[in-house]
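Inside the fold
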Amino acid sequence: DTAVSQTPKYLVTQMGNDKSIKCEQNLGHDTMYWYKQDSKKFLKIMFSYNNKELIINETVPNRFSPKSPDKAHLNLHINSLELGDSAVYFCASRGRGMNTEAFFGQGTRLTVV
Amino acid sequence: AQKITQTQPGMFVQEKEAVTLDCTYDTSDPSYGLFWYKQPSSGEMIFLIYQGSYDQQNATEGRYSLNFQKARKSANLVISASQLGDSAMYFCAMREVPSGGSYIPTFGRGTSLIVHP
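Below or above, wherever it landed, is the structure these notes cover. (Residues numbered from 1 in each chain as written. Chains lettered and ligands numbered in written order. Predicted model: local features only at pLDDT ≥ 70, side-chain atom pairs only at ≥ 80, totals over all residues. Heavy atoms only, no water.)

Moving on, we get to the overall build of chain A. Counting its regular elements, chain A contains zero helices and 11 strands. Walking chain A from its N terminus toward its C terminus, one meets helices and strands in the order β-β-β-β-β-β-β-β-β-β-β. The C-alpha atoms of chain A give 13 Å as radius of gyration, which agrees with the globular expectation for 113 residues (13 Å, within 12%). Dimensions of chain A, computed from the C-alpha atoms along their principal axes, are close to 40 × 30 × 30 Å. Counting over 113 residues, chain A shows a buried share of 49%. Put simply, 53% of the contacts in chain A that link residues at least 6 apart link residues at least 24 apart. Accessible surface for chain A amounts to roughly 5700 Å². Of this, 50% is attributable to carbon and sulfur atoms. (Helix = DSSP H or I, 4+ residues; strand = E, 2+ residues; numbered from the N terminus. Rg over C-alpha atoms; globule rule 2.2 N^0.38 Å. Buried < 20%, exposed > 50% of the residue type's maximum accessible area, 1.4 Å probe, protein only. Contact = heavy atoms within 4.5 Å. Areas by Shrake-Rupley, 256 points an atom, 1.4 Å probe, with all protein chains shown as cover.)

See the structure below:
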């Protein structure tokens, strides 16, 4: 049973389109994250969502918006896609406690053409 | 400012030898946690090992151990008896608490490890 699952795994779309990536975790965790991994493998935090509290990395364009229908889901919506949005997007979740690690989904490779 | 620094973009090691991957960090918080993750070519992120700032002993998990030097703010990963399957990107991460009060893992830029037969 997959702990953190993302769909789709691959997404190819044209510039200007709007797309969503879904994320679900079955670990009962309170906190979920979205990370962007660029072509140089750098992982940058985009959003952190904990008990309806959203923390946004201020460098993330407002074309990106997280949506959490419930504690187990944190979806990522992207409007007006640009070429520079091409990257691998990871969803992760984390339980309570200072020493708990983050569990990652398998990643979604987004290619904007 | 960079919170986590991994100075080795790439490392090579012979199979069955040990290798050390460097990680230094910057924080003024007395309570923090350090993590190492492995990312093989298939892309998934695999948790390897954790070290808390108050832990008295260096963390170990099988062939992985963490050389934690608090005064020097370093948390180097040591992989003993390297295997071909250890070839991957390795990321050091720190749990930090921004002003919002939620722990957010911040990652270094990673080290690519290649194990030669």
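Now that the structure has been shown, the text picks up again.
Moving on, we get to the pattern of salt bridges. Where side chains of opposite charge bring their charged atoms close, a pairing between them can arise. All names here are of chain A. In this structure the tally under the stated criterion is six salt bridges over all chains. Between R96 and D30 there is a salt bridge, with the nearest N and O atoms lying 2.3 Å from each other. With R96 in the loop between β9 (87-94) and β10 (102-104) and D30 in the loop between β3 (19-25) and β4 (31-37), the pair connects residues that are 66 residues apart, well separated along the chain. (Salt bridge = Lys/Arg side-chain N within 4 Å of Asp/Glu carboxyl O.)

This part covers the pairing of strand β6 (residues 46-52) of chain B. All names here are of chain B. Among the seven residues in β6, five count as buried, and that is most of the element. Pairing of strand β5 (residues 33-39) with β6 involves six bridges; the strand directions are antiparallel. Bridge pairing links K38 to I46 in β6. Hairpin geometry of β5 and β6 is characterised by an intervening segment of six residues between the two adjacent antiparallel strands and by a positive phi of about 100° at G43. (Pairing = 2+ DSSP bridges.)

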